[in-house]
Amino acid sequence: MSSSTLLMHFYETLLASLGPSQWWPGETPFEICVGAVLTQNTNWSNVQKAINNLKSRDLLHPEKMASLDDELLAELIRPSGYFRIKARRLKNLLEFLRLECAYHLPDLSSQDLQQLRDKLLQVKGIGPETADSILLYALEKPSFVVDAYTSRILNRHLLVHEDIDYHELRDFFMDRLPRDVALYNEYHALLVRTGKKWCNKNNPRCDGCPLGSYL
Ligand code: SF4
C-alpha cells in the first residue's frame, strides 16, 4: 500500500471511529487567529478563559484590540500563560493585519497561499504551527498543520523518522493528500484527539486505539 493510500486509510478510520471534530472553536476568523497565538504552550481550557475575558468586554475585534494598552491586554489574557509575550505577539499580528488587509480578514483569502504563509512567518512570534493554524482554520487555505502528536503517531507507524522537522512533516502530508481544506481541517484535529487519548509520549495505549490495527 502506498503511503498516500495509507494516510487516507488512517483518516477514514479515525473519522469513522471518533466522528467529526468541528474545529476550530471560534466564532470569527479573528477569534481563531487570537486562539492560535494564545494556544502556544498551553491547553485549550486556559485559552478559553483568556478569550472569554476578551469577549465579555467586547474586545475580540482587531481595531479594538489594536488600540488596547499592552499591559491591559496582557492582564486580560493572563490565564493563557506567558501573557506578556503573547500580548506582544498579538500586537505584532494585529500590525500585520492592519498593513495587509486593513483588519478585513476575508481580503487575505484571495492571496496566494505560499506568499501569505511567508509573510505570516515574518511576524515576530508567529511560528510555522501558528501560521498554518491561522491559514487553515481562520482563512480556509489548504495548509496542513502538524505538531508533536503528528510526528509521534507517524513515527510509531514507521512512516517518518523520529527527528523529522516541522516542514518535512507538513510536506509529507501535503505531497500525499489532495489540497483540500476540509480534509486538512479534520485530519489535524483527528490526529490531535488520537494523540491525547491514546498515543501518549511514554505509554501509548495501542489496544483500543483506532489505529491499532495498522501496527
Ligand atoms: S496509540 Fe498505538 S495504535 Fe494508536 S496511534 Fe499511537 S502507536 Fe498508533
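Structural notes, computed from the coordinates. (Residues numbered from 1 in each chain as written. Predicted model: local features only at pLDDT ≥ 70, side-chain atom pairs only at ≥ 80, totals over all residues. Heavy atoms only, no water.)

## Re helix α8 (residues 128-138)
Consideration 1: α8 sits mainly inside the fold: 9 of its 11 residues count as buried.
Consideration 2: Along α8, the positions that sit buried rather than exposed are Thr130, Ala131, Asp132, Ser133, Ile134, Leu135, Leu136, Tyr137 and Ala138.
Consideration 3: Against α2 (29-38), α6 (83-101), α7 (113-122), α10 (166-174) and α11 (181-197) lie the buried residues of α8.
Consideration 4: Positive phi shows up at Glu140, right after α8, with a value of about 55 degrees. (Buried < 20%, exposed > 50% of the residue type's maximum accessible area, 1.4 Å probe, protein only. Helix = DSSP H or I, 4+ residues; strand = E, 2+ residues; numbered from the N terminus. Contact = heavy atoms within 4.5 Å.)

## A word on the environment of Asp132
Consideration 1: Topologically, Asp132 is positioned in helix α8.
Consideration 2: The class of Asp132 is buried, set by a relative accessible area of 0%.
Consideration 3: Distance in space between the C-alpha atoms of Asp132 and Phe10 is 21 Å, their sequence separation being 122 residues.
Consideration 4: Contacts of Asp132, omitting those with residues within four sequence positions, involve Arg117, Tyr137, Ser143, Phe144, Val145, Tyr166 and Arg170.
Consideration 5: There is a polar contact of 2.7 Å between the side chain of Asp132 and the side chain of Tyr166. (Polar contact = N/O pair within 3.5 Å; in protein donor to acceptor, adjacent residues only side chain to side chain.)

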